[in-house]
Amino acid sequence: MFRLFDLNDAQEKAVRTLAGPLLILAGAGTGKTRVITARVAFLIAQGFDPGCILALTFTNKAATEMRERLARMVEASDAKRVTMSTFHALCLRILRQNIDKLGYKNNFSIYDESEQVGLIKKIIARTAARDEKLDAQVAKALISKAKNLGRDCDPNEESLAGAVFARYQRELKNLNAVDFDDLLLLAVKLLKEHPEIQARWKARFSHIMVDEFQDTNRLQLDLVGLLAGVERNVCVVGDDDQSIYGWRGAETSNILDFERHFPNPAIVKLEQNYRSTNVILGAANKLIQNNPRRHPKNLWSQSGEGEKIRAIQMPDDREETRFVTEEIQRKQAAEGLPWEEFAILYRMNTQSRLLEENLRRLHIPYRLIGGKSFFDRREVKDLLAYATCLLNPDDDVSLLRIIHTPARGIGETTTERALEFSVRKKCSLFQALNSPEFQKELSARTAGRVAGFMTLLDNYETRAAAPLAGFAGIMTALMEEIGYWEDLKRSCATPEEALNRETNMKQMIESLSRYEQRSTGGLQGFLDGVSLDRSEEKEDTAGVTLITLHAAKGLEFRHVFLIGLEEGLLPHDRSKAEGALDEERRLLYVGITRAMRTLTLTYCRSRVKFGSAVPCHPSSFLKELAGEFVEQISFEKLMNTPVPKESVKSRFAQLRATVAKL
DNA sequence: AATCGTCTGCTTTTT
DNA sequence: GCAGACGATT
């Protein structure tokens, strides 16, 4: 058999199995993306219409990567016709076409997390009795969970949470808005309730592939079922051992019981790993075997045994971070490696703080993944809210955001009254403010200001609705007219902050302008893109990677440091309380399998938590790992070891490098 | 309407 | 220990 795209036997079998359901169990680092793209290329080579192939991913990054790889394997015109998209993006496409069938308008807004919480807060305030308490964040989590299970709200529900859910859903519809979960929920609902629409989408795809199948939830499984044709050409790729998003609604049962959903599947296991040493894989295998329900797998590689994993106990978190950062400095100098080959992995974002301090002290460049998003910045959100209002003025949440920014003499009292009017008349806030009947209730002064604001929005709406409207220009003009920039500058404490915020705004307008040049999706398309893809393109920054275990999935690094292996942190107390110990074990498994050559595990005897030092105990997972693959090193021994030779050599290497730069 | 101070409560976060 | 939320204050 000739070698297809230079694949191993198992990979080739996965690629060549085209008909019927196929389950590819792809262990960490076994060439999963490679197999999916090769399979798409093979389908095209076999004469299947590229336009009938659908590949679904979770992240835009994965979709983009796949598309780029495919472009190198097949004709550009064919590659373009394959649908490669995230679940949410596909659902959005379905909904933009036909959501009117569910009673929404096609220009609906998409609410992010903070907008959801804002809305829920308001609803709780209006719904809860004086003695009832419900945290908006908790309510949001409950609603999200219910939606991910495919449950619509029950209007007869008696509990406060249930009432809030029902009201939230009703309110969203009035606002002509949907949240992230709705994208899936409503798309599935639409396909289920309207067979003609389902038939249309179903006919469109002959072959469906799903990446990271272990992370799918009920709705996503339903969606795949609704889109699959009678042949059930559904190929899913995933690794149950890397399922770490259960708390997000992912159902491991989707991959564990795949044959229940798609009977008689072909099953291919990819176990040859191209990333790590056998020591690392051995430890990973050993750890994960403690999980009860899983598809048995055993990773192996041809990259030799490799160095033993080091497990080091530290006195406290200060010493831990100091050691790790200095160790990276030593190793980098000794081996002359780029900083990008190193990564520090941790359970919680707060752990990055001490690391950052140390890295800065040592002048080591680093990139911190995660944290606050660009899109959560106040100025960015304001700009987007203005844009959203131009398209969907009935979106009260966005309107409320911009009505006081900058202050234009329309105060709390006025909006309170308008809100009350809108509830009474069952109309949107925008309609209330526009209504002469409402304006009559106001003082002449306030009425004038409201009218002025309405005229402003109306003017820009008209301009935005014009064919060939230049949105970047329109938004700039709008921001200038309302004096947004001066207002923002006034609220900044330091000149640096002002400059920073200005840059963010410019960046936003700039990217809108670029979008207009390459796409025909208009302002709506731009906003959709922003809603669904919040990744910042800052991958160019070089340095040591600081990243949570969750965010590290799918990445690889030559040298990995995994810190804070303590009971209560990893596994996290709260996960243990929720009975999610297996998932914590998988999380560590994901961390271990990121390492290509060396892995260092650290844990502390004491750690500062909530401001004060508390004693810690080694993670129970360390016991599960203990044995031939792991070498225990005590901090004391480490400190008494004389400086190794390379480190002396490294000083020279460093010096030489510095001189060379001059 | 904005600012200051106090209170609270603390994982992970693909879209 | 610190950020974020909320309420009292001018």
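Details of the structure are given in the entry above.
Owing to the predicted nature of the structure, the values given are computational and were not obtained by experimental measurement.

## Points about the protein's contact with DNA strand C
Taken together, Lys 121, Arg 353, Phe 610 and Gly 611 make up the full set of residues near DNA strand C. Sugar and phosphate atoms form 60% of the subset of DNA strand C atoms that lie within 4 Å of the protein. With respect to DNA strand C, the side chain of Arg 353 contributes an N or O atom lying 3.2 Å from a sugar or linking oxygen. Within the backbone of Gly 611, one N or O atom sits 3.3 Å away from a sugar or linking oxygen of DNA strand C. Here the surface near DNA strand C is composed, by residue class, of 1 nonpolar, 1 polar and 2 charged.

## Focus: empty space enclosed by the protein
To find leftover empty space, a probe the size of one water molecule is rolled over the atoms. For the coordinates displayed, the defined rule picks out 2 cavities of 30 Å³ or more. Reported here for the largest cavity is a volume of approximately 310 Å³. The wall of the largest cavity is formed by 24 residues, among which Ile 110, Glu 115, Leu 384, Thr 388 and Ser 531 lie closest to the centre. Going through the elements one at a time, strand S4 (109-111), helix H17 (378-391), helix H18 (396-403) and helix H26 (522-532) are the ones with two or more residues in the lining of the largest cavity. Classifying every residue of the lining of the largest cavity gives 9 nonpolar, 7 polar and 8 charged.

## A word on the protein's contact with DNA strand B
The full set close to DNA strand B counts 25 residues, and Arg 248, Arg 347, Asn 349, Thr 548 and Ser 575 are the nearest of them. Each atom of DNA strand B within 4 Å of the protein was classed as base or backbone; sugar and phosphate made up 49%. For the surface near DNA strand B, a count of residues per class yields 7 nonpolar, 10 polar and 8 charged.

## Considering the nonpolar core
In this structure, Leu 399, Leu 433, Phe 453, Met 475, Leu 478, Met 479 and Met 508 are the most contacted members of the largest nonpolar core, which totals 51 residues. Ignoring sequence-local partners within four residues, the contact set of Phe 453 consists of Leu 399, Ile 402, Ile 403, Arg 408 and Ile 410. Listed in part, the 44 residues of the second largest apolar core include Ile 110, Ile 208, Leu 219 and Val 224.

## Focus: the pattern of salt bridges
Applying the stated criterion across every chain, the model contains 41 salt bridges. When the shortest N-O distance is used, the salt bridge between Arg 260 and Asp 257 registers 3.5 Å. Taking the relative accessible area as the measure of exposure, Asp 257 reaches 17% and is therefore buried. Asp 257 is the partner of Arg 293 in a salt bridge, and the nearest nitrogen-oxygen pair spans 3.2 Å. Of this pair, Arg 293 sits in the loop between helix H14 (278-288) and strand S10 (300-301) while Asp 257 is found in the loop between helix H12 (253-256) and helix H13 (258-261), placing the two residues 36 residues apart along the sequence. The structure contains a network of salt bridges with shared partners spanning Lys 32, Asp 211, Glu 212, Asp 215 and Lys 553.

## Regarding the environment of Phe 262
Structurally, Phe 262 can be placed in the loop between H13 and strand S8 (266-270). Residues in contact with Phe 262, not counting those within four places in the same chain, are Pro 21, Leu 221, Val 224, Gly 225, Arg 232 and Val 234.

## As for the pairing of strand S16 (residues 595-609)
Where strand S11 (residues 309-316) and S16 come together, 6 bridges link them in parallel fashion. Residue pairing for S16: Arg 310 is matched across the bridge by Thr 600. Here 5 bridges tie strand S15 (residues 557-562) to S16, and the two strands are oriented parallel to one another. For His 559, the partnering residue across the bridge sits in S16 and is Thr 598. Across 4 bridges, the pairing between S16 and strand S17 (residues 612-615) is antiparallel.

## Considerations on the packing of aromatic side chains
Throughout the structure, instances matching the rule amount to 7 aromatic pairs. Here the aromatic rings of Phe 58 and Phe 87 are separated by 5.4 Å at their centres, their planes lie at 55°, and the arrangement is tilted. Here Phe 87 lies in helix H5 (residues 87-98) and Phe 58 lies in the loop between strand S2 (53-57) and helix H3 (60-71), a separation of 29 residues in the sequence. Judged by relative accessible area, which is 27%, Phe 58 ranks as partly exposed. Its relative accessible area of 1% is what places Phe 87 among the buried residues. When the ring of Phe 213 is compared with that of Phe 258, the centres are 5.7 Å apart and the planes differ by 90°; the resulting orientation is edge-to-face. Placement of Phe 213 in the loop between strand S6 (207-210) and helix H11 (218-227) and of Phe 258 in helix H13 is noted, with a sequence separation of 45 residues between them. In this structure, Phe 213 and Phe 258 share a single accessibility class: buried. What links up through ring pairs into an aromatic cluster is the set Phe 213, Phe 258 and Phe 262. Positioned above the aromatic ring of Phe 108, the side-chain terminus of Arg 96 is 4.1 Å from the ring centre.

What counts and what doesn't
- Residues numbered from 1 in each chain as written.
- Chains lettered and ligands numbered in written order.
- Predicted model: local features only at pLDDT ≥ 70, side-chain atom pairs only at ≥ 80, totals over all residues.
- Heavy atoms only, no water.
- Near = heavy atom within 4 Å.
- Polar contact = N/O pair within 3.5 Å; in protein donor to acceptor, adjacent residues only side chain to side chain.
- Nonpolar A, V, L, I, M, F, W, Y, C, P; charged D, E, K, R; others polar.
- 1 Å grid on protein atoms, 1.4 Å probe; cavity = no way out; pocket = protein on both sides within 12 Å on 5 of 7 lines; lining within 4 Å.
- Points joined across faces, edges and corners; volume = space filled by probe spheres on them.
- Helix = DSSP H or I, 4+ residues; strand = E, 2+ residues; numbered from the N terminus.
- Core = buried A, V, L, I, M, F, W, Y, C linked by side-chain atoms within 4.5 Å.
- Buried < 20%, exposed > 50% of the residue type's maximum accessible area, 1.4 Å probe, protein only.
- Contact = heavy atoms within 4.5 Å.
- Salt bridge = Lys/Arg side-chain N within 4 Å of Asp/Glu carboxyl O.
- Pairing = 2+ DSSP bridges.
- Phe/Tyr/Trp six-rings, centres within 6.5 Å; stacked < 30°, edge-to-face > 60°.
- Lys NZ or Arg CZ within 6 Å of the ring centre and 35° of its normal.

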